[in-house]
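Chain by chain, the residues:
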Amino acid sequence: MRKLAFVFGYAGGVLALIFSFIMILTVPVNILADLSADIQDDFSNENVIALNEMGLLMEKEGVTDYSEDSMAAFAEEAAQKSVILNDTEIYEDTMAFMYKYGVHFAVSMAIVGISIVFALVAFIGALICRKAPTGGGIMMLLSALVTLLAAIYTGTLIPMVAASFLLTLAGVIVFIPKPVKKQALPYAQPYYRDYQPQQPYAPQPQYTQPQYTQPPEYTQPPEYTQPPAAPKPADTQIGDVPTGDVPFPDEESQVFAEPADGDDIKE
């Protein structure tokens, strides 16, 4: 938001400065145009003669006091010294008319100067609004109001209204609050019934780094050797005599008694 306010305020301040400097030329031209138009519409020949006589006397004697009473006294003196027209009322009316335009011209030029100053203030406010948004916003809003009133008084509203609008928009944007980001809810404290007293601090045992022992050397297990296969028995058929040594069970030896002598045999 501050960046957008800076852009609008910078543009409005630049335009206000440009239009304020242009008013130095346009305001006197407008006043002289209104004066000539009023002279053509309201002045009579007597007023023109009175204006000419007062101008000659003012150039001859000079005037140091430009207050309203002094100008009225000078108009009366010019009426008495004139050899063409001695009507004091015509001189006073002519002086009042010219005095009104003189005051309007002086006030208008003073307002032009004030407008230039506040246009510069608006430009400075646009520059500082990023670091000091409150001060910059107030400066831009105040400058927008002053330059707008000055343009209305001097009759230069149309070119100045754009600058005043940009400054007002920038000042309003500065005071728009930023959107509040949602924050996480604070941690809820446990209920007092669930509160457990903190255990007293017990010193922790110091950590000792275990000593490194070299693992035993790796011994490769003995290779497994397959036992030789037993020879296959030869194919035999019934009635064939097996060849080769065939194991037989051990036979028990029988012991017979020795025969008795023949004498002992009875017939």
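Remember, it's a predicted structure, so these values are computed and weren't measured experimentally.

Colleague: Run through the overall build of the protein chain, naming residues and quoting values.
Modeller: Within the protein chain one finds six helices and zero strands. In sequence order, the secondary structure elements of the protein chain are arranged as α-α-α-α-α-α. Residues classed as buried in the protein chain amount to 24% of the 267 residues present. Counting only contacts in the protein chain whose residues sit at least 6 apart along the sequence, the fraction spanning at least 24 positions is 76%. Looking at the protein chain as shown, the accessible area adds up to about 21700 Å², and 60% of this sits on carbon and sulfur atoms.

Colleague: Please set out the confidence of the model for the protein chain residue by residue, giving values where relevant.
Modeller: Interpretation of the predicted coordinates at a detailed level should be avoided for regions scoring low in pLDDT. Taken over all residues, the pLDDT of the protein chain has a mean of 78, while the share at 70 or more is 67%. Across residues 263-267 the pLDDT falls below 50, and counting only partners more than four positions away or on other chains, this stretch makes zero contacts in the model.

Colleague: A description of a negative patch on the surface should follow, citing residues and the corresponding values.
Modeller: A cluster of acidic side chains, namely E46, E76, D87, E89, E92 and D93, defines a negative patch on the protein surface. It is helix α4 (residues 88-128) that contributes the most residues to the negative patch, three residues altogether. With respect to the helices and strands, E89 occurs in helix α4. On the accessibility criterion, E89 (53% relative accessible area) is exposed.

Colleague: Explain the packing of aromatic side chains to me, and be specific about the residues and the numbers.
Modeller: Scanning all chains against the criterion turns up four aromatic pairs. Measuring from ring centre to ring centre gives 5.2 Å for Y10 and F123, while their planes differ by 45°; the resulting arrangement is tilted. Taken together, the positions of Y10 in helix α1 (residues 2-42) and F123 in helix α4 put the pair 113 residues apart, joining distant regions of the chain. Of the residues examined, Y10 reaches a relative accessible area of 37% and is grouped as partly exposed. By relative accessible area, which is 19% here, F123 ends up buried.

Colleague: Lay out the side chain of S164 with the relevant residues and their values.
Modeller: With respect to the helices and strands, S164 occurs in helix α6 (residues 157-174). Judged by relative accessible area, which is 4%, S164 ranks as buried. If we skip the residues at most four places from it in the chain, S164 touches A144, T147 and L148.

So, how was this worked out
Residues numbered from 1 in each chain as written. Predicted model: local features only at pLDDT ≥ 70, side-chain atom pairs only at ≥ 80, totals over all residues. Heavy atoms only, no water. Helix = DSSP H or I, 4+ residues; strand = E, 2+ residues; numbered from the N terminus. Buried < 20%, exposed > 50% of the residue type's maximum accessible area, 1.4 Å probe, protein only. Contact = heavy atoms within 4.5 Å. Areas by Shrake-Rupley, 256 points an atom, 1.4 Å probe, with all protein chains shown as cover. pLDDT = per-residue confidence, 0-100. Patch = residues over 30% accessible without salt bridge, like charges linked within 9 Å, V, L, I, M, F, W, Y side chains within 5 Å. Salt bridge = Lys/Arg side-chain N within 4 Å of Asp/Glu carboxyl O. Lys, Arg positive; Asp, Glu negative; His and termini not counted. Charge placed at Lys NZ, Arg CZ, Asp CG, Glu CD. Phe/Tyr/Trp six-rings, centres within 6.5 Å; stacked < 30°, edge-to-face > 60°.

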